[in-house]
Amino acid sequence: MSLARLAALLADPTRAAFCTALLDGRAWTAGELARHAGVAPSTASEHLSRLVDGGLLAEERQGRHRYVRLAGPEVATLIEDLSSFTPPAETPAGAPGGLSGGLSPTAGSPAPRSLRESTRLSAEARARTCYDHLAGRLGVTVGDAVLARGLVTEEDGPSLTALGRAWLTDLGAELPPRAGRAGARPVVRTCLDWTERRNHLGGAFGALLCRTALDRSWVERIGSGRALRVTPDGERALRELLGVEPLPA
């Protein structure tokens, strides 16, 4: 696909809203995405067909239902990286304040239209999924912790150390067999966080950490969106395993 065609696909606000919603890593129906973006089902179907034809989304059909998801982690990385280039949005009067450093919790997205939406975006800035790995303040904090403990090194590019592999074994977590091989997903990849404007961890290692946290109920989803909440069990696990203290509210 040419750069111009790719840019045209993502230039439309409705298609951009679809791709951002699908960063939660799950499959959505066309109707769910239509309601999310506030468009008619017929409009949503037309936009989704263009995104599928362009290779950004993958389609699955179950009976009468049409599900779509991001075509892969490389597409999620593209969407998240592009989001980091958008200017911070202004926080409306009466809405919660921004993050440290002067960034609004809605950086990389339109200004919230209500207090409810501002609350949701603030929750996503604190902790969320970026496709299949941890993002927001939680993701950045976990990334800092694994670097500080020598589980990951950034020398000659991010990579998992021998200590990190031993840590995973003790945790009872296993990387995919093909991770890091030619043509497969890298073991560790840094991903620029669009709210923190710092890197969090992606790649197979980042995905494994996120999946483990969800499977062991260290984090739980808030509603049906991307925002996450760290549970009391999660606070204990993060403290014991990585020395991570609870995030400030």
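Residues numbered from 1 in each chain as written. Predicted model: local features only at pLDDT ≥ 70, side-chain atom pairs only at ≥ 80, totals over all residues. Heavy atoms only, no water.

Colleague: How do you make sense of the sheet that holds strand S1 (residues 28-29) when you look at a structure like this?
Modeller: Strand pairing within a sheet occurs via backbone hydrogen bonds; the two strands may be parallel or antiparallel. Reading across the sheet, the three strands line up as S1-S3-S2 and stay open at both edges, with antiparallel pairing between neighbours. With partners counted over all chains shown, the strands left at the sheet margins are S1 and strand S2 (57-62), one partner each. (Pairing = 2+ DSSP bridges. Helix = DSSP H or I, 4+ residues; strand = E, 2+ residues; numbered from the N terminus.)

Colleague: What am I meant to see in the pattern of salt bridges here?
Modeller: One side chain can pair with another of opposite charge once the charged atoms of both are near each other. Summed over the entire model, instances satisfying the criterion amount to 10 salt bridges. Between arginine 198 and aspartate 144 there is a salt bridge; the shortest N-O distance is 2.8 Å. On the criterion of sequence distance, the pair formed by arginine 198 in the loop between strand S8 (189-192) and strand S9 (199-202) and aspartate 144 in helix H7 (residues 136-148) is long-range, its members being 54 residues apart. Given a relative accessible area of 32%, aspartate 144 falls into the partly exposed group. Among the ionic contacts, a cluster of salt bridges with common partners joins Glu59, Arg61 and Arg66. (Salt bridge = Lys/Arg side-chain N within 4 Å of Asp/Glu carboxyl O. Buried < 20%, exposed > 50% of the residue type's maximum accessible area, 1.4 Å probe, protein only.)

Colleague: Whenever I open this one, the pairing of S8 confuses me. Can you help?
Modeller: For a regular strand, the rule is simple: side chains alternate between the two faces of the sheet. Two strands pair when backbone bridges link them, and S8 and S9 are joined in this way by four bridges, in the antiparallel orientation. By the bridge assignment, leucine 192 is partnered in S9 with asparagine 199. If you look at the hairpin formed by S8 and S9, you'll find six residues sitting between the two strands, and arginine 197 has a positive phi there, around 60°.

Colleague: Could you clarify how one ought to interpret the nonpolar core in this entry?
Modeller: What tends to happen in soluble globular proteins is that the nonpolar side chains get buried as a cluster. In terms of nonpolar packing, the biggest core is built from 33 residues, with Leu138, Leu168, Phe205 and Leu242 touching the most fellow members. Contributions of two or more residues to this core are made by H7, helix H8 (162-171), helix H9 (203-215), strand S11 (228-230) and helix H10 (232-242). Apart from the residues within four sequence positions on either side, leucine 168 is in contact with Leu160, Ala173, Leu175, Phe205 and Leu208. Counting residues in hydrophobic clusters, the runner-up holds 23 residues, among them Leu9, Leu22, Leu57 and Ala76. (Core = buried A, V, L, I, M, F, W, Y, C linked by side-chain atoms within 4.5 Å. Contact = heavy atoms within 4.5 Å.)

Colleague: How should H8 be read in this particular structure?
Modeller: An α-helical turn contains 3.6 residues, so any two residues separated by three or four positions project in the same direction. Residues Gly164, Trp167, Leu168 and Leu171 constitute the buried set of H8. Buried residues of H8, viewed axially, fall in a sector of 100°; they line one side. Exposed and oriented more than 90 degrees from the buried face of H8 are Ala162, Leu163, Thr169 and Asp170. Looking at the packing, one finds that the buried side of H8 touches strand S7 (159-160), H9 and H10. (Arc of directions from axis to C-beta.)

Colleague: Help me out: how do you make sense of the packing of helix H2 (residues 13-21) against helix H4 (residues 41-53) in this one?
Modeller: For the pair H2 and H4, the least separation of the axes is 10 Å and the interaxial angle reads 70°. In terms of their interaxial angle, H2 and H4 are classed as roughly perpendicular. From H2, Thr14, Arg15, Phe18 and Cys19 reach across to H4, where they touch Ala44, His47, Leu48, Arg50 and Leu51. Of the residues belonging to the contact of H2 with H4, the class tally is five nonpolar, two polar and two charged. (Axes fitted to C-alpha atoms, helices over the stretch in contact; angles between N-to-C directions. Parallel < 35°, antiparallel > 145°, perpendicular 65-115°, else oblique. Nonpolar A, V, L, I, M, F, W, Y, C, P; charged D, E, K, R; others polar.)

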